[in-house]
Amino acid sequence: MNAELPRLLVVTSNSFNLVTGGGITLTNLFRGWPSDRLANLHEDRTSEDFSVCRNFYHLTEEEIRWRRPFSLLRRLYGCMKEEGEPRGELAESSAFASAGRGWLALIKKGMGEGVPKYAHLTDRLVTWVQDFRPTLLYAFLGSLEQMDLTRQLVRQFHIPLVIHMMDDWPAVLYRSGWLAPFVGPFVQRGLRQVLAQSAARLAICEPMCREYEARYGHSFLSFQNALDLERWLPFSKTDWKAGIPFVVRYVGSIVPDGQKNSLGNLARAVAQLAVEGIPIQMRIHAPRHESAYLCAYGLPSNVVWIDGPPDPDSVPALLANSDLLVLPYNFDRRSARYIRFSLPTKAPAYMMSGTPVLVYAPREAATAQYAACEGWGYVVSSPDESHLLAALRTLVNDESLRRQLGSRAKSVAQARHDASKVRAAFWKVLSAAAKDVPVAG
């Protein structure tokens, strides 16, 4: 089958990596794909992993540009980075730098989703794509500029397109702020055009497939992260006796519209149980710039540990050696809309570890529904602190419940997230899409 696989150009915001959810999903879905038939065009700052893909192109401000008149403002303030830091000669003035950051923050807040951007195919980028000679383009999308880039590449190189939706970003992107009445319809119209143009359309879970079929009038297939059983099962938990201390663990990114607030609630709840005399601690493994906000909560450092991302090779044992794993989602309206149909990359790994999982999320979230319907997670669907504390106390004290949840999670993961099965089906879809004639965009 490998001899028939297309030359695949992967266009994503993230790179193939072993740190972020998108990067891990890409790496797992394409592991074993011939590396000479795989190239990744991205704008990620995370270090690239070369175990699956070896051909990368990192997008710069030459390819991703601000739209007018905002581009004029950017040049005026010394080509400020998005973080609000001016560069060049103007950066020498600290007063100017401070004013520039303040103005940019105010503008971005008013616009809701930040400065609208567009893609520009530079000669360097075109040459790189030409040298690779792709026969299929596979894209995550997620932003205005990603849609623009994808459409331009399809037009320029006349290759079929496959779209894979990871979150319900169309439900929140440019739905508020000054530019929403103008840019919002443009985003929705562009997405519909890209979907109509696609040879195949994929989503992260079945609820998203059903919603998008009703919303956009096209059929979708469900594919999410998959795991190699031979790597994970040797470490999977077989003893559910509570450790002393009882270790609650979170591994992964912390996203403002995803789990930032709810993870903070969990950390505070664990700290409260420790005050009550329960021997418990929480370990949070996330990028430092994402977890820094937790330091402002004044949590005891001997109870809530803030660690960086773990070594990828250590993750199976790390998860299995925990007493409880947590999957939090925010409860505010915007976050709930954004993550409603998401299934996090970490979920199959959590399940395969055999460690019981606490899902702290709105009941409408696909992850909460999946956990409740299949019985692989203990679901708390209320933001009320008392409900969260009660759930933690129950899970600390009930070994039988922990065994039941962990065993069921492992069973579901083996049936639903076995990489040997998922990859075969996924690659078959991509191979079939590569043979289709693309629709002009």
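Here, the structure is the one placed above.
Since we're looking at a predicted model, the values are computed, not measured. (Residues numbered from 1 in each chain as written. Predicted model: local features only at pLDDT ≥ 70, side-chain atom pairs only at ≥ 80, totals over all residues. Heavy atoms only, no water.)

The subject of this paragraph is the packing of aromatic side chains. A full pass over the atoms with the stated rule returns 16 aromatic pairs. Ring geometry for Phe-30 versus Trp-33: centroids 5.4 Å apart, planes at 75 degrees, classification edge-to-face. Summarising the aromatic geometry, the rings of Phe-30 and Phe-426 are spaced 5.3 Å apart at their centres and angled 70 degrees between planes, so their arrangement reads as edge-to-face. Linking Phe-30 in helix H1 (residues 21–30) with Phe-426 in helix H17 (residues 419–434), this pair joins segments that are 396 residues apart in sequence. Taking relative accessible area as the criterion, Phe-30 reaches 0% and is therefore assigned buried. A connected cluster of aromatic rings, assembled from ring pairs, spans Phe-16, Phe-30, Trp-33, Phe-50, Phe-56, Tyr-138, Phe-140, Phe-223, Phe-426 and Trp-427. Cation over ring: Arg-7 sits above Phe-132, and NZ or CZ is 4.7 Å from the ring centre. (Phe/Tyr/Trp six-rings, centres within 6.5 Å; stacked < 30°, edge-to-face > 60°. Helix = DSSP H or I, 4+ residues; strand = E, 2+ residues; numbered from the N terminus. Buried < 20%, exposed > 50% of the residue type's maximum accessible area, 1.4 Å probe, protein only. Lys NZ or Arg CZ within 6 Å of the ring centre and 35° of its normal.)

With that settled, consider the pairing of strand S6 (residues 136–139). Burial of S6 is two-sided: the residues Leu-136 and Tyr-138 facing one way and the residues Leu-137 and Ala-139 facing the other way are all buried. Pairing of strand S1 (residues 8–11) with S6 involves 4 bridges; the strand directions are parallel. Across the sheet, the residue bridging to Leu-9 is Leu-137, located in S6. Strand direction decides the pairing type here: S6 and strand S7 (residues 161–165), joined by 3 bridges, are parallel. Among the inter-strand pairings, Leu-137 is bridged to a residue of S7, identified as Leu-161. In this region the chain leaves S6, passes through helix H5 (residues 144–157) and returns to the parallel neighbour S7; the handedness of that crossover is right-handed. (Pairing = 2+ DSSP bridges. Right-handed = clockwise from strand over helix to strand, strands pointing away.)

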